[in-house]
Each structure stands twice: as structure tokens, then as C-alpha cells.
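# Summary of the model geometry
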Amino acid sequence: MNSSSANLQPAAVSNLYGHPLPSYLQSDKLGPWGVYLQQVDRVIPYLGHLARWAETLKRPKRALIVDVPIELDNGTIAHFEGYRVQHNTSRGPGKGGVRFHQDVTLSEVMALSAWMSVKNAAVNVPYGGAKGGIRVDPKTLSRGELERMTRRYTSEIGIIIGPTKDIPAPDVNTNEQIMAWMMDTYSMNEGATATGVVTGKPIDLGGSLGRREATGRGVYTVGVEAARHIGMDVSQARVAVQGFGNVGGIAAKLFAQAGARVVAVQDHGGSLYQASGLDVPALLVHVAEHGSVAGFAKAEVIAQEAFWDVDCDILIPAALEQQIHAGNAHRIKARMVIEGANGPTTPEADDILQSRNILVLPDVIANAGGVTVSYFEWVQDFSSFFWSEDEINARLVRIMQDAFAGVWAVAQEKKVSLRTATFIVACTRILRARELRGLYP
Ligand code: NAD
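Residue numbers restart at each chain and count upward from 1, following the sequence in its written direction. Per-residue local features of the predicted model are confined to residues with pLDDT of at least 70, and side-chain atom pairs are confined, for both listing and counting, to 80 or more; whole-chain, interface and lining totals are unaffected and use all residues. Side-chain figures throughout are based on the complete set of non-hydrogen atoms in the structure, without hydrogens or water.

## Some points on the overall build of the protein chain
Secondary structure is summarised from DSSP: a helix means a run of H or I of at least four residues, a strand means a run of E of at least two, and numbering begins at the N terminus for each. Helices and strands together make up the secondary structure of the protein chain, namely 14 helices and 12 strands. Against the globule reference of 22 Å for 441 residues, the protein chain gives a C-alpha radius of gyration of 21 Å, in line with a compact fold. By principal-axis analysis of the C-alpha atoms, the protein chain measures approximately 65 × 55 × 45 Å. The buried label applies to any residue whose accessible area, calculated with a 1.4 Å probe on protein chains only, is under 20% of its type's maximum; exposed applies above 50%, and partly exposed to all values in between. With 441 residues in all, the protein chain has 58% of them scored as buried. Throughout, a residue-residue contact means that at least one pair of heavy atoms, one from each residue, lies within 4.5 Å. For the protein chain, restricting intrachain contacts to residue pairs at least 6 apart in sequence, the fraction spanning at least 24 positions comes to 69%. It is over C-alpha atoms that the radius of gyration is taken, and the globule rule equals 2.2 Å times the number of residues to the power 0.38.

Rendered as C-alpha cells:
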């Protein structure tokens, strides 16, 4: 490879080996994996000599599809499709959540695993990227069925996970209890208790203080940092949040505590608006009791589509992928979008928001608080020495602030979006590790 490789255009780098891409990498131009590939293409021109290795970023290292059969309570046998994808392990073991959702696909899990590689490198925790999921609506299962499905899935992916190989964590529709079942199943199969095999566990099983709130706290922390840069007063800001689960609910709570007005929320059950600001603590209690924001009395119900027209300063998508697209990006009124969810903005929408001078804090830095405290949990499990919540939060805030400052500086220097800047920082770290390790054999 001569020095001209530094100037290779994205398309040329894609075809570096002259081989057609494997079919599973071609099949999905518009889905999450296609979005991720476009994001990578945008960063390749900034990778210098490391562009030689960029193809690495476009192929998952390992993807496992598993059949998950369980006996339902009514005596019939149901089969679910499960996945675990390890996108990259150049910088350390795979790390990333497990999602239970009826729309989960291999393409989605591949993209989520790749975003984990980027995110972990962006905040410089010593992990690669991985993700898992089961294509199921867990709300249709009894608790016993959910446990059996979780355990069988864990056993099936047990051949590639482990405390030094790949460490799952919670994501959409998975929680501390599911992590406890995963930890127990893996430990039973290993013949020894291995708390470090998953993070996001209950505190009584080696979980970390502050982990449940960590992603929302990270969203809030980078939001405050960015607001400072653009002269926005968070205490006066109006905030709209899509997704009122672990990430959106906590982020809303922290912004409200800082004096901001949470004027609109939306989840799978409905959309609410309250110009004077919703009572966030009361809404959190309502969601804990009823599973959705729907039915909350102290707010106006608005149409699902009207959510995107809400007058606000900060918009936090914290639900699923591709929620902000070419069809609604021009309607958004916020000055700043903080991506709590993974992949909520399509590349076309990214361009529209940028052209409208709306600042986007990308998922790969904005929601990295969760994996950062997962890293703390894993370290604590290995050393069997646990830290106070204040210590956890202080370390989290410091890492998020430092990472964000680094990304902000690159964005200014190279005159690129914060997403491309984060990809430049992260992909450089990943590919430097790749280059140092070399190819085996
Ligand atoms: P969760 O299951 O706790 O909450 C998901 C929320 O999204 C719920 O309020 C649900 O009602 C809502 N939702 C689902 N479908 C919707 C739809 N069609 N329209 C509007 N709202 C809808 O999940 P979570 O852990 O909060 O994860 C949310 C997002 O944040 C996901 O993209 C996830 O990958 C990402 N994320 C989570 C973590 C974490 O630590 N939990 C870390 C990083 C990123």
C-alpha cells in the first residue's frame, strides 16, 4: 500500500480487496446497518494512513444466530430467533446490550454492535463492540416464559460470551432481573459464579451503584456541556423527550431538576404536551405503575406526529432507531438534539438538521454514560471492591466531559459535525489498535 491510500475515497476503500461484500452486508441499504455504513464512509477521508484498515469497520468480526426454543405455560413449544454479534474486539472484549423486541433483526443487531465499538472507543473504555437481541415482544410472555427464554438464549450464546470475551448488558426491554438470570445461567454452565459476565446487574449480585441512571446522566452531562458552548441556559430550556424508559425517563428527571421544563414526552403508548412543564416525578411514578405515559391525567394528549412540531429548545430521542428522518427533520424546532437512543437520526436527517443549524449530539458520545458505568461495574466485580455512588457519578461526569471536550475540539478543527468528529476520534483509536496488533496469521 503506498501513501496515496490516505486519499482513497470511501467507495474505493470498500472494494479494497476486490471481493464482493458478503450477502448479509449487502442486503440492507436503508436499515440501521446501511446507516452505519454511510456514517463510516463519511469518516474514511479523515483517517489518514489508517484508511487502509477501514474495511475492518464494515464487517462484524463474528455474528451468531441462535434458535431459542421454550415451553410456553400452555404446553406448546415456541421458537424465538436470537442473535449475538461481536463487531470488533481490537481494543478489548466485546461489550454491548441485549434487546428484546419484536422488530429485532440481524441487521439491527449488527449496527448496534458497530455503534458500541465506536462508542466504547469514543469514551476510551477498553472494550470492543457487541450487541445481542431476541426477536420477541416480551410483553406477551409470562414471567416464567421470560425467564426460560432468557436462560436458553444465554446458554446458546454462552459459547462466545464471558467476562474476558464479551459482556452483555441491558437495552430495550431488558433490565436488572434479566441480567441476574443471564449471570446465573452462565455461572451454572461454568460451574463457578461469574459476576463479571454481564453488567447492569442488581446491586446484590455485584451490580454498581449509579448504573441504572448512568445513561440518562450521561445524556444530561453532555447536554449541559454543549449548552454552555452555544450559550443556552439549561435552567430556562424547554425539553421534549421521545421514549420515557430507562434513558429518556432519567434524562427528563435530571433536566427537570436543573430547572428545565419538560414540555412533551412520547412513548409507545401515547404523546403528551404541557407548555408549563410536565410533573416529571409524578409521570415516572405513573409509568412505573402503568407501563406507559398514556393515561397520565395532568397533560394534554397530542397526536403521535404532532410530537415533532413541538416548540422546544432541546429534543431527546430516547426510543428506537430512525425516528428522525427526511420526512420530519425539517419540522423540528429544537436548537439541540441529544441522541439518547442508538441510531435515531438517518444520515439525510443529519444533513437537514446541520443545514438548519440544529446541533446534534450523536448517540456514540451522548448515550455512552451507560457503558462507562458498566465498565466501572466490571472493574469492581473483578476486584471485588465496590465504590460509593458519589465516586461513580463523579468519575462518570469526568469521563463524559473529557470525551465531549475532545470531540468538540476535533469538530471545530476539522469543521465537521459532532458525529463525524466522534467517529474520527473513535475509529482512529480502533484502527490504531488493529494496526498495532497486526493480522493473524
Ligand atoms: P426502555 O425499554 O427502558 O425504554 C424504551 C422507551 O421507548 C419506552 O418508553 C418505550 O415506550 C419507548 N418506545 C418504544 N417504541 C416506541 C415508539 N415506536 N415510539 C415512541 N416511543 C417508543 O429502553 P432504554 O434502555 O431506555 O433504551 C432506549 C434507547 O436508548 C435505545 O435506543 C437503546 O439502545 C438506547 N440506549 C440504552 C442504554 C441503557 O443503558 N439502557 C444505553 C445506551 C443506549
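## Considerations on the site of the ligand
Summary of the distance rule: residues count as near a molecule or strand when at least one heavy atom falls within 4 Å of that molecule or strand. Taken together, 22 residues form the shell around the ligand, and within it Asp171, Thr215, Phe244, His268 and Asn342 come nearest. Side-chain atoms alone can form a polar contact between residues adjacent in sequence; in general such a contact is a pair of N or O atoms within 3.5 Å, and within protein one must be able to donate a hydrogen while the other accepts it. Arginine 211 is positioned such that a nitrogen or oxygen atom in its side chain is 3.4 Å from an oxygen atom of the ligand. Backbone polar atom of alanine 319 to an oxygen atom of the ligand: 2.9 Å apart, as the coordinates give it. Protein chains shield 85% of the accessible area of the ligand, which is 820 Å² for the free molecule. Broken down by secondary-structure element, the contributors of at least two residues to the shell around the ligand are helix 7 (211-230), helix 8 (246-257) and strand 7 (261-267). The classification used treats Ala, Val, Leu, Ile, Met, Phe, Trp, Tyr, Cys and Pro as nonpolar, Asp, Glu, Lys and Arg as charged, and all other residues, Gly among them, as polar. Along the lines of polarity and charge, the residues of the shell around the ligand split into 7 nonpolar, 11 polar and 4 charged. The two domains that each donate at least three residues to the shell around the ligand are domain 1 (61-192) and domain 2 (213-366). All accessibility values rest on the Shrake-Rupley procedure with a 1.4 Å probe; residue burial counts only the protein chains present in the view. Start and end positions for the domains come from either an automated domain assignment or a database one.

## Some remarks on a positive patch on the surface
Where like charges cluster on the molecular surface, the positive patch consists of Lys61, Arg62, Lys165 and Arg437. Within the fold, arginine 437 resides in helix 14 (residues 418-437). Patches here are clusters of residues that have more than 30% relative accessible area and form no salt bridge, with a 9 Å joining cutoff for like charges and a 5 Å cutoff for nonpolar side chains (Val, Leu, Ile, Met, Phe, Trp, Tyr). Salt bridges are defined as contacts in which a side-chain nitrogen from Lys or Arg sits within 4 Å of a carboxyl oxygen from Asp or Glu. In this charge count, Lys and Arg are treated as positive and Asp and Glu as negative; neither His nor the chain ends contribute. Where a charge lies is defined by one atom per residue type: Lys uses NZ, Arg uses CZ, Asp uses CG and Glu uses CD.

## Brief notes about the side chain of aspartate 363
Summarising the element assignment, aspartate 363 is placed in helix 11 (residues 363-366). Polar contacts involving the side chain of aspartate 363 include one to the main-chain amide nitrogen of glycine 343, which spans 2.7 Å.

## Overview of the packing of aromatic side chains
The pairing test for Phe, Tyr and Trp rings, Trp by its six-membered ring, is centres within 6.5 Å, and the orientation test on the planes gives stacked under 30 degrees, edge-to-face over 60, and tilted for anything in between. Evaluated as defined, the whole model comprises 11 aromatic pairs. Consider the rings of tyrosine 375 and phenylalanine 376, whose centres lie 6.1 Å apart with planes at 45°: the pair is tilted. Tyrosine 375 gets classed as partly exposed once you look at its relative accessible area, which sits at 23%. Taking relative accessible area as the criterion, phenylalanine 376 reaches 3% and is therefore assigned buried. Counting every residue linked through ring pairs, the aromatic cluster contains Tyr127, Tyr375, Phe376, Trp378, Phe382 and Trp387. As a reminder, the over-ring test applies to NZ of lysine and CZ of arginine, requiring each to be within 6 Å of the ring centre and within 35 degrees of the ring normal. Here the guanidinium or amino end of arginine 395 rests over the ring plane of tryptophan 387, the centre of that ring lying 4.1 Å away.

## Looking at the nonpolar core
Buried Ala, Val, Leu, Ile, Met, Phe, Trp, Tyr and Cys residues that are joined via side-chain atoms within 4.5 Å together make up what is termed a nonpolar core. Core analysis: the biggest nonpolar cluster contains 90 residues, and Tyr36, Ile316, Ile338 and Leu361 have the highest contact counts within it. Element by element, the count of residues in this core is highest for helix 4 (residues 106-122), at 10 residues. The residues that make up this core include at least three from each of domain 1 (61-192) and domain 2 (213-366). Setting aside residues up to four positions removed in sequence, isoleucine 338 forms contacts with Val219, Val222, Gly223, Phe255, Ile314, Leu315, Ile316, Pro317, Leu361 and Ala366. Formed by 26 residues, the second largest nonpolar core is a distinct cluster that contains Phe80, Trp181, Met183 and Ala194.

## Quick word on helix 3 (residues 32-43)
Here helix 3 spans 17 Å end to end across 12 residues, near enough to the 16 Å set by a 1.5 Å rise per residue. Every buried residue of helix 3 is listed here: Pro32, Trp33, Gly34, Val35, Tyr36, Leu37, Gln39, Val40 and Val43. Under the convention used throughout, the expected extent of a helix is 1.5 Å for every residue step, that is, one less than its residue count.

## As for the packing of helix 3 against helix 10 (residues 347-355)
Two elements in contact, helix 3 and helix 10, have axes separated by 10 Å at closest approach and are oriented at 55°. Looking at the two axes, helix 3 sits oblique to helix 10. Across the interface between the two elements, Val35, Gln38 and Arg42 from helix 3 touch Pro347, Glu348 and Asp351 from helix 10. Axes here mean lines fitted to C-alpha atoms, for a helix over just the part in contact, with angles spanning 0 to 180 degrees between N-to-C directions. Any angle from 65 to 115 degrees is called roughly perpendicular, while one under 35 is roughly parallel, one over 145 is roughly antiparallel, and all others are oblique.

## Brief notes about the domain arrangement of the protein chain
Domains assigned within the protein chain are domain 1 (61-192) and domain 2 (213-366). Domain 1 puts 13 residues into the contact, and the matching count from domain 2 is 9 residues. Counting the surface lost from both domain 1 and domain 2, the interface buries some 830 Å², and carbon and sulfur atoms represent 59% of this. Three residues, Arg99, Trp115 and Lys119, lead the burial of domain 1 against domain 2; their summed loss comes to 47% of the area buried on that side. Along the contact surface separating domain 1 from domain 2 lie 1 salt bridge. Where glutamate 321 meets arginine 99, a salt bridge forms, and the shortest distance between an N and an O atom there is 2.8 Å. Here domain 1 is connected to domain 2 by 2 residue pairs in polar contact (both at pLDDT 80 or more). Every element with two or more residues in the side of domain 1 that touches domain 2 is listed here: strand 3 (94-101) and helix 4. The greatest single-element share of the side of domain 1 that touches domain 2, amounting to 6 residues, is contributed by helix 4. Note on definitions: buried area is the accessible-area loss of two parts on being combined, 1.4 Å probe, summed for both.

## Considerations on the sheet that holds strand 9 (residues 300-302)
Either a parallel or an antiparallel arrangement is found when strands of a sheet pair, and the pairing is made through backbone hydrogen bonds. Should DSSP find at least two bridges between two strands, the strands are regarded as paired. Read from one edge of the open sheet, 7 strands run 9-8-7-6-10-11-12, paired in mixed fashion. This sheet does not close on itself; its edge strands, each paired only once, are strand 9 and strand 12 (359-361). Neighbour to neighbour, the strand axes of the sheet diverge by 20° on average, direction disregarded. Bridge count for strand 6 (residues 238-242) against strand 10 (residues 314-317) is 4 bridges, and the pairing is parallel. Counted as the bridge partner of valine 239 is isoleucine 314 from strand 10.

## Here's the deal with the pairing of strand 5 (residues 166-170)
Counted residue by residue, strand 5 has 4 buried out of 5 residues, so it is predominantly covered. Bridge count between strand 3 and strand 5: 5 bridges; the pairing is parallel. Bridge pairing in strand 5 links glycine 97 to alanine 169.

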